[in-house]
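# Structural overview
Each chain, written out:
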Number of protein chains: 2
Amino acid sequence: MFFIQFKENKKKYIQLSDYIKNMIENGSLTAGSKLPSTRELSEELKIGRSTVLKSYEILEVEEYIFTIKGKGTFINELKIKYNKNREFTNSSLINWEEHMNKYAKRAVELDIMKWDSQYKKGMISFKSIAPDGDTFDIDGFKRAFYNRLSLEGSNLLNYGYAKGYKPLTEWLLKYMVDKGVNIEGKDILITNGFTEGLNIVLSAICESGDKVLCENPTHNTAIKILKMREVNLIGINIKSREGIDIKELKELIENNDIKAVFLIPSYHNPTGLVMTYEKREEIYSILSENNIPIIEDWFAEELNYSGDHVKSITAIGGSNNNVINIGSFSKILFPGMRIGWVFGDKSLIDALESIKRGLNIHTSFIDQGILYEYLESEQFPQFIKRIRRRYKLKYELMKEMIEENIKYEHLLGDGGLYMYVILPSKIKVRALLKRCIKRGVIFTCGDVFSVSNEDSDGVISNKYNYENGLRLGFSKLKNSEIKKGIRIIGEEIKEMLNE
Amino acid sequence: MFFIQFKENKKKYIQLSDYIKNMIENGSLTAGSKLPSTRELSEELKIGRSTVLKSYEILEVEEYIFTIKGKGTFINELKIKYNKNREFTNSSLINWEEHMNKYAKRAVELDIMKWDSQYKKGMISFKSIAPDGDTFDIDGFKRAFYNRLSLEGSNLLNYGYAKGYKPLTEWLLKYMVDKGVNIEGKDILITNGFTEGLNIVLSAICESGDKVLCENPTHNTAIKILKMREVNLIGINIKSREGIDIKELKELIENNDIKAVFLIPSYHNPTGLVMTYEKREEIYSILSENNIPIIEDWFAEELNYSGDHVKSITAIGGSNNNVINIGSFSKILFPGMRIGWVFGDKSLIDALESIKRGLNIHTSFIDQGILYEYLESEQFPQFIKRIRRRYKLKYELMKEMIEENIKYEHLLGDGGLYMYVILPSKIKVRALLKRCIKRGVIFTCGDVFSVSNEDSDGVISNKYNYENGLRLGFSKLKNSEIKKGIRIIGEEIKEMLNE
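All values derive from a computational prediction rather than experimental measurement. (Residues numbered from 1 in each chain as written. Chains lettered and ligands numbered in written order. Predicted model: local features only at pLDDT ≥ 70, side-chain atom pairs only at ≥ 80, totals over all residues. Heavy atoms only, no water.)

A few words on the domain arrangement of chain A. The domains assigned to chain A are domain 1 (12-79), domain 2 (116-133 + 381-498) and domain 3 (137-379). One C-alpha centre belongs to domain 1 of chain A, the other to domain 2 of chain A; they are set 59 Å apart. (Domains from an automatic or database assignment.)

Here it is as structure tokens:
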């Protein structure tokens, strides 16, 4: 009942009596109600009984409380500033379920954290695709914090600008140029991660019922965001390692009024595929001819283990203005800070800036300052090299272990922090998950990445049956965990095949 | 054209040649196009010509470029990995204006940063109601950063939880208890400031066209948020210093299906009024009888100069569950971090958590960690005392100066960081602003806080004509600026009255 935390610099009995005075004055303790005995309170708060006694003395002297011998100590009405404890006549509590709209209900429904199997301590989790916190350069981070704060002082702690911290936005524009992007007539907006970036873009250009194309399968968070906005989501099947089927794309465009296309060309989530340059150009060409906006998910650009950088669709777009690039460093660097960006045509970014201001004024300026300082430091290129090496080794270990232990139909993944395994149709992935959880291993089932699950007629025309897949994130696992975990999955599959 | 920033630890000519190689490989430099001369580039980049010469030598040896004597240096097609510079056949750029929906247009329209007179350097600005950065305890902030980061390490930098950083949410719940709030059956969600809190609450319970009551006038950001969500906003006139007119409230409730009521009982924005306890209880009682949710804006609770804490409506609600409390410390502490909260019924917060996760996963964990550490430290109570003293002095100076220099009808403001001056109807506030800006003084005009401006029939039945008011924020101004600024406003008013 008493939530008091004692400070060092003041006598405890004064702190306690002040605390109780406040509770009495503000009506938290009702007139005539009984205080705990000094013994009870000293035990509850783990302080000496004499301290409590002294506090009660002060309170009694100042008429906050009174004592009835043999009965106890009670609250005096005198000092209650708001003693109108009359019962308000509302008969019942509000049933919030009834007050919630479709949007809130959809948010809960689509929140896989609320229904999917969750990681528990001690498990080997292939679920996470977050970067390994051990790779973070904490000293470099501290230095970046200190340097930037020393330079900017309270400016970084007071209100900033909706568009973002200027040194950071300028750094990112240069980064774009380095990656072959034409930035003329374009601009950038800082957002709270990729997730907010996609939300803001959709909120500006989509209406309920608008048709948006995306790869099938695709990132479950993107599916959630799109569905929460009541977009009519149409999946284009990925039929080969190079990405979506061009014929299907053409047909869909011809037969539908498409508002926008959402694509993850590099380290596609969940499959880990990297689309070839030729395919990117082909897709860009088709969509550009039809004046259709493209939203490119550009996360984890730096997790390329082969060293062959493939130009983004944003770069292919050149001086044209139909590509919106949403990016973040969250798959490599400090995702807890939630910093991402939207890059696109100036007139679009200008409107998105107003939306951003209306949503949360701006993204944390101190975080933007730290990130800028870190990106600009010599630590950053070294960090990239280091994590690329580290994740590459894990990636290779994963590949080796899966090839050795798992009877799969297909194994996909060209980089990034996860691989995708498609199992023989005899194995039901959800059943496999149940068995693996019993043995302390967890992963993400392919069904959560499926776009057309709602109206699917069950016929799988793809070479790959993605729904029968496992996304295996490996970034945070030790080598020994990878080995043990993959072996367990492999053993369970073998058993299921024999059953 | 060349956005290169040189690092310390590597020879410049190598950095430059690497940079140009990359641009050539990724197709940013077209085959056959001419490079700037060594002289031009050395001037552009402010580096020695010999450095550029060395870079060009490397590039030529490695066949990235070739030289034609007397003509210049050109890009070799050989090394361009993506040399398909064919023109895509889209005939025209996308007209993003046409692609934007009503929401985006409303966001731009309602964004007063886009059309209202803005502060320019050197002006005396009464516009800002942000806290004074000079009050921030930067050393305490740094200490909080180091302490928390040392304790939590990379946990604070990796993905966290949508609801918030647990030590912070628990601290806030205790803070609520200290303020007389019953937290049983309630929960809390951390948001990116008050602004995001209000957005999330409305997104969960309001549909387009729903009727929401609020005080008239009210906070312009709240108006923007409500209107962006297409809420049918109905203002209840503030007719006395104690707040809204109860009779009007009752009538509006009887005649309308009210979805929710939004109120700012303490340091009401823009008027600075603090509603009496009796009024709060009366309002609570009426709304609670009618089972109507109340959204209480609880910012700046600590800026009470008189020392008389008035219980929040959230506290008055006791064990009932119809009050949603949206708060933040942004008016006193580090607003650049954008941390706020929503407190309310557990089942509601549970749904809001899913929405929050869908919007941006969570609020920056490092920021939450720093804020927690700071709030928990001994600096915080000392900080509160210090700023209360400081702002109180400014408040008193403002009052004195306004009373001396300005011919007003009413002067309002019981605390907080701003006061509200209502002028004789003869003075048009926008005209006054124009004249003041010419003399280097800027303030916020009352019209932006008006709720019923759209369908107003021009008849003002209030004792106070709020639209003819000036909100004067004083938090960031020096005493000399307050004196000079108020004198200038006073002089202009005098002149206008004489015209």
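The subject of this paragraph is the pairing of strand β8 (residues 258-263) of chain A. Within a regular strand, side chains alternate between the sheet's two faces. Residue and element names in this part refer to chain A. Taken across its 6 residues, β8 has 6 buried, putting it largely inside the fold. Here 4 bridges tie strand β5 (residues 211-216) to β8, and the two strands are oriented parallel to one another. Its bridge partner lying in β8, Cys 214 is registered against Phe 262. Crossover connection from β8 via helix α11 (residues 277-289) to parallel strand β9 (residues 294-297): handedness right-handed. (Buried < 20%, exposed > 50% of the residue type's maximum accessible area, 1.4 Å probe, protein only. Helix = DSSP H or I, 4+ residues; strand = E, 2+ residues; numbered from the N terminus. Pairing = 2+ DSSP bridges. Right-handed = clockwise from strand over helix to strand, strands pointing away.)

Inspection of the secondary structure assignment puts Asn 216 of chain B in strand β5 (residues 211-216). A polar atom in the side chain of Asn 216 of chain B sits 3.0 Å from the side chain of Asn 237 of chain B. (Polar contact = N/O pair within 3.5 Å; in protein donor to acceptor, adjacent residues only side chain to side chain.)

With that settled, the discussion passes to unusual backbone geometry. The omega torsion of the bond from Asn 216 of chain A to Pro 217 of chain A falls at 5°, within 30 degrees of zero and hence cis. Position of Pro 217 of chain A among the secondary structure elements: in the loop between β5 and α9 (220-228). With an omega of 15°, the peptide bond between Asn 269 of chain B and Pro 270 of chain B qualifies as cis. Topologically, Pro 270 of chain B is positioned in the loop between β8 (258-263) and α12 (277-289). Positive phi values are uncommon outside glycine, yet Lys 46 of chain A reaches one of about 55°. Phi at Phe 334 of chain A is positive, roughly 45°, even though this residue is not glycine.

All right, on to the sheet that holds strand β16 (residues 469-473) of chain A then. Residue and element names in this part refer to chain A. With antiparallel pairing, 4 strands are arranged side by side in an open sheet as β12-β13-β16-β15. Each edge of the open sheet is held by one strand with a lone partner, namely β12 (410-412) and β15 (444-445). In the sheet, strand β13 (residues 418-422) pairs with β16 via 5 bridges, with the strands oriented antiparallel. When the sheet's bridge partners are listed, Met 419 is paired in β16 with Leu 472. On top of the sheet, helix α15 (residues 379-405) reaches β12, β13 and β16; it is set at about 15° to β13, its chief contact. (Contact = heavy atoms within 4.5 Å. Axes fitted to C-alpha atoms, helices over the stretch in contact; angles between N-to-C directions.)

With that out of the way, let us pick up the interface of chain A and chain B. Counting residues at the interface gives 124 residues for chain A and 124 residues for chain B. Each partner contributes to the roughly 10,600 Å² buried at the junction of chain A and chain B, and carbon and sulfur atoms together form 55% of this total. The interface formed by chain A and chain B contains 6 salt bridges. Across the pair Asp 111 of chain A and Arg 357 of chain B runs a salt bridge, and its minimum N-O distance is 2.4 Å. At the boundary of chain A with chain B, the tally comes to 44 residue pairs in polar contact (both at pLDDT 80 or more). It is helix α13 (residues 346-360) of chain A that contributes the most residues to the side of chain A that touches chain B, 11 residues altogether. Tallied by class, the residues present in the side of chain A that touches chain B amount to 49 nonpolar, 40 polar and 35 charged. (Buried area = accessible area lost by both parts, 1.4 Å probe. Salt bridge = Lys/Arg side-chain N within 4 Å of Asp/Glu carboxyl O. Nonpolar A, V, L, I, M, F, W, Y, C, P; charged D, E, K, R; others polar.)

The next subject is the pattern of salt bridges. Side chains that carry opposite charge are capable of pairing whenever their charged atoms lie near each other. Counted under the stated rule, the structure contains 52 salt bridges over all chains. Salt-bridge contacts for Arg 390 of chain B lead to Asp 132 of chain B; the nearest nitrogen and oxygen are separated by 2.7 Å. You can see Arg 390 of chain B sitting in helix α16 (residues 379-405) and its partner Asp 132 of chain B sitting in the loop between β3 (124-125) and α7 (138-152), a full 258 residues away along the chain. In this structure Arg 390 of chain B comes out as partly exposed when scored by relative accessible area, which is 33%. On the accessibility criterion, Asp 132 of chain B (7% relative accessible area) is buried. Where salt bridges share partners, they join Arg 435, Arg 439, Glu 491, Glu 492, Glu 495 and Glu 499 of chain A into one cluster.

Quick look at the pairing of strand β6 (residues 232-240) of chain B now. All names here are of chain B. Strand direction decides the pairing type here: β5 and β6, joined by 6 bridges, are parallel. In the strand pairing of β6, Lys 211 is matched with Asn 232. Since β5 and β6 lie parallel, the crossover through helix α10 (residues 220-228) that links them has a hand, and here it is right-handed. Here 2 bridges tie β6 to strand β7 (residues 243-244), and the two strands are oriented antiparallel to one another. By the bridge assignment for β7, Ser 240 is matched with Gly 243.

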